[in-house]
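# Structural characterization, general
Here are the chains, one letter per residue:
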Amino acid sequence: MVEEVRIDPWSSAQSTDYGRIIEQFGLQGMDSLHLDNPGLHHRRGIVFAHRDLDVVLDAKASGDPFGVMTGLMPSGRMHLGHKMVVDQVRWFQEQGADVTIAVADLESNATRGLSLSAAREVALEEYVANYVAMGLDPERTQVYFQSRRPITQKMGFTLGKRTNLSEMEAIYGFSGDTNLAHVQAPLVQAGDILHPQLEEYGGLRPIVVPVGVDQDPHLRLTRGLAAKSNWFNLKAAKNGGLVIGLSVQDDNAAALGMDANGRLNRERRQSLFDKISAELSDLGFADILSNPKHGSIQIPSATAKDKARIRMRLLALERQMGGMGLLQPASTYHRFAVGLTGGKMSSSEPKTTIFLSDEPDAVAAKIKRAFSGGQSTVEEHRRLGGDPEKDVAYQYMMFFFEEDDSFLAETAASYRSGALLAGEMKQLCIERATAWLSNHQELKDQNAHLINDFLASDAQ
Ligand code: TRP
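Quick summary incoming for the structure in this document.

## A few points about helix α8 (residues 165-172)
- Three or more residues of α8 are buried, namely Met-168, Ile-171 and Tyr-172. The buried side chains of α8 occupy one side of the element, clustering within an arc of 75° when seen end-on. For α8, exposure combined with an orientation more than 90 degrees from the buried face picks out Ser-166 and Ala-170.
- Elements in contact with the buried residues of α8: α9 (181-194) and α10 (216-229).

What follows is the structure in structure tokens.
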């Protein structure tokens, strides 16, 4: 038997077998998607997989609203790994998304012992200030604190009803001695991810969460919770078309036409089916086969392409009838940039990454010591060439500092041929990294006064 890949948001071990990860966790590859304005991360395969990104892109294509959501744990200092997420958030914002950013102050309080006021200070000065400098639009960005938005905790509580310890164990590898903060934090985070869909926070619309692949457990949990809370299921029918089924639960049985004694209330069921039919015919589906008693409606002429439209109508109907009507969040997954020393990038080991507040001299020194894909002598390098895939200086230009694809391709080719030496590669990276950082630090100082404009009204 093939050993399973473990991915764990809290572990320092990471699998980089992306093909296996896609397969094992049922992610979708990026190949079948068309992006109008691919960002650097898409052009270079750094974002390598997604769930339901097509739903988000369809919303954009139809001029419907959509949002992007991320969160930050206020601890430590912001480094290049964080920059990668913000770059993607900005890309979605440029495509028209509204932006919601959670400050996970409850999580950092529980798991890192930061007081809420210390967490606030770190969040604003270390993280939000950098987000501002990276060019997010204050008009369409809302930063909030978990501790000040009780709905996220309430949703975590409500949704918690739809999972259990065995599932948490299966998703996260928990065991008997797991700290319960690690059970609560993902539930509150599910509230973070889902609450932007509530009417008060922008209403029903697709929300995408760009993450590193280690965070996928959170998305699996959240997507599962949303799906399990839904009143209507929509699936491919065995003999073609789509089929809607009812998901009768304690809190919706009456609305879905079941009496307290567990018997079918024909009248109420029929009136529900009339409502669903009206929605479907409004979408242009005339021939539907409904079986109110069985609780199913078939739409033979609908195809997979119609799924998102129909689902949105069903969620809206669920909301009118008193349900939460939650759409599963979409997500995208990026590869990890290797640490400077060739191992994992980790904020607790400053040698392995570049912090956004590092001085240019320190950055140059770090890159000079970075793991190289060159040969051990100049003579050998000229003869055998270097490996840009292993060369951290090259990788950092590709991930973070160089916009120009053709420059990168030429650089990689001349490294492979042996014409470009390892030291020269590092020099190219140092020039770009220090230029980016000093510009960034300048923008951070210049725009510090905007921090407040990014805060949601409940975060002021
Ligand atoms: N747990 C995330 C971290 O450790 C932070 C976070 C909280 C988050 N809520 C979120 C990330 C919602 C994405 C979406 O960094």
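## Some remarks on the packing of aromatic side chains
- According to the stated counting rule, one finds 7 aromatic pairs in the structure shown.
- Relative to Phe-174, the ring of Tyr-172 lies with its centre 5.1 Å away and its plane at 15°, an arrangement referred to as stacked.
- We classify Tyr-172 as buried; its relative accessible area is 3%.
- According to the relative accessible area criterion, Phe-174 is buried, its value standing at 11%.
- Seen in terms of ring centroids, Phe-400 and Phe-401 are 5.9 Å apart; in terms of plane orientation they differ by 55°. Their pairing is tilted. Judged on exposure class, the residue Phe-400 and its partner Phe-401 are both buried.
- A network of ring pairs unites the aromatic residues Tyr-396, Phe-399, Phe-400, Phe-401 and Trp-436 as a single cluster.
- When the ring centre of Phe-355 is taken as reference, the NZ or CZ atom of Arg-77 above it lies at 4.1 Å.

## A short note on the site of the ligand
- In the vicinity of the ligand, the contacting residues are Met-69, Thr-70, Gly-71, Leu-72, Met-73, Ala-104, Glu-107, Gln-189, Asp-192 and Ile-193.
- Side-chain polar atom of Glu-107 to a nitrogen atom of the ligand: 3.1 Å apart, as the coordinates give it.
- One of the side-chain N or O atoms of Gln-189 is found 2.8 Å from a nitrogen atom in the ligand.
- About the coverage of the ligand: the protein hides 84% of its 370 Å² of free accessible area.
- At the level of secondary structure, the elements contributing two or more residues to the shell around the ligand comprise β3 (67-72) and α9.
- With 4 residues, β3 is the largest single contributor of residues to the shell around the ligand.
- Here the residues of the shell around the ligand sort into 5 nonpolar, 3 polar and 2 charged.

## Let's talk about the sheet that holds strand β5 (residues 141-145)
- Sheet architecture is open: 7 strands sit in the order β1-β2-β11-β6-β3-β4-β5, paired in mixed fashion. Looking at strand neighbours, the two that pair on one side only are β1 (28-29) and β5, the edges of this open sheet.
- Pairing analysis gives 2 bridges linking β1 to strand β2 (residues 47-51), with the strands arranged antiparallel. Its bridge partner lying in β2, Gly-29 is registered against Ala-49.
- Together, β3, β4 (98-103) and β5 form the strand contacts of helix α6 (residues 116-133), whose direction differs from that of β5 by roughly 165°.

Reading the values: rules and limits
- Throughout, a residue's number is its position along its own chain's written sequence, starting from 1.
- Predicted model: local features are reported for residues with pLDDT of at least 70 only, side-chain atom pairs are reported and counted for 80 or more only, and whole-chain, interface and lining totals are derived from all residues.
- To obtain the side-chain values, all non-hydrogen atoms of the structure were used and water was disregarded.
- We call a residue buried when its accessible area falls under 20% of the maximum for its residue type, exposed when it is over 50%, and partly exposed in between, using a 1.4 Å probe and counting protein chains only.
- Counting from the N terminus, the helices are the DSSP runs of H or I reaching at least four residues and the strands are the DSSP runs of E reaching at least two.
- The arc in question is the one spanned by the directions pointing from the helix axis to the C-beta atoms.
- Contact between two residues is taken to exist if any of their heavy atoms lie within 4.5 Å; hydrogens are not considered.
- When the centres of two rings from Phe, Tyr and Trp lie within 6.5 Å, Trp using its six-membered ring, the rings pair. Their planes under 30 degrees apart give stacked, over 60 give edge-to-face, and anything left gives tilted.
- For a ring to carry a charge above it, either NZ of a lysine or CZ of an arginine must fall within 6 Å of the ring centroid while also lying within 35 degrees of the normal to the ring plane.
- A single heavy atom is enough: if one lies within 4 Å of a molecule or strand, its residue is considered near that molecule or strand.
- We call two N or O atoms a polar contact when they sit within 3.5 Å, provided that within protein one can donate a hydrogen and the other can accept it, with sequence-adjacent residues counted only if both atoms are side-chain atoms.
- Exposure was quantified through the Shrake-Rupley algorithm and a 1.4 Å probe, taking into account, for residues, occlusion by the shown protein chains and nothing else.
- In this count, Pro and Cys sit with the nonpolar residues alongside Ala, Val, Leu, Ile, Met, Phe, Trp and Tyr, while Asp, Glu, Lys and Arg are called charged and the others, Gly among them, polar.
- One requirement defines pairing of two strands: DSSP has to find at least two bridges between them.
- Note on geometry: axes are C-alpha line fits, over the in-contact stretch for helices, and angles between N-to-C directions span 0 to 180 degrees.

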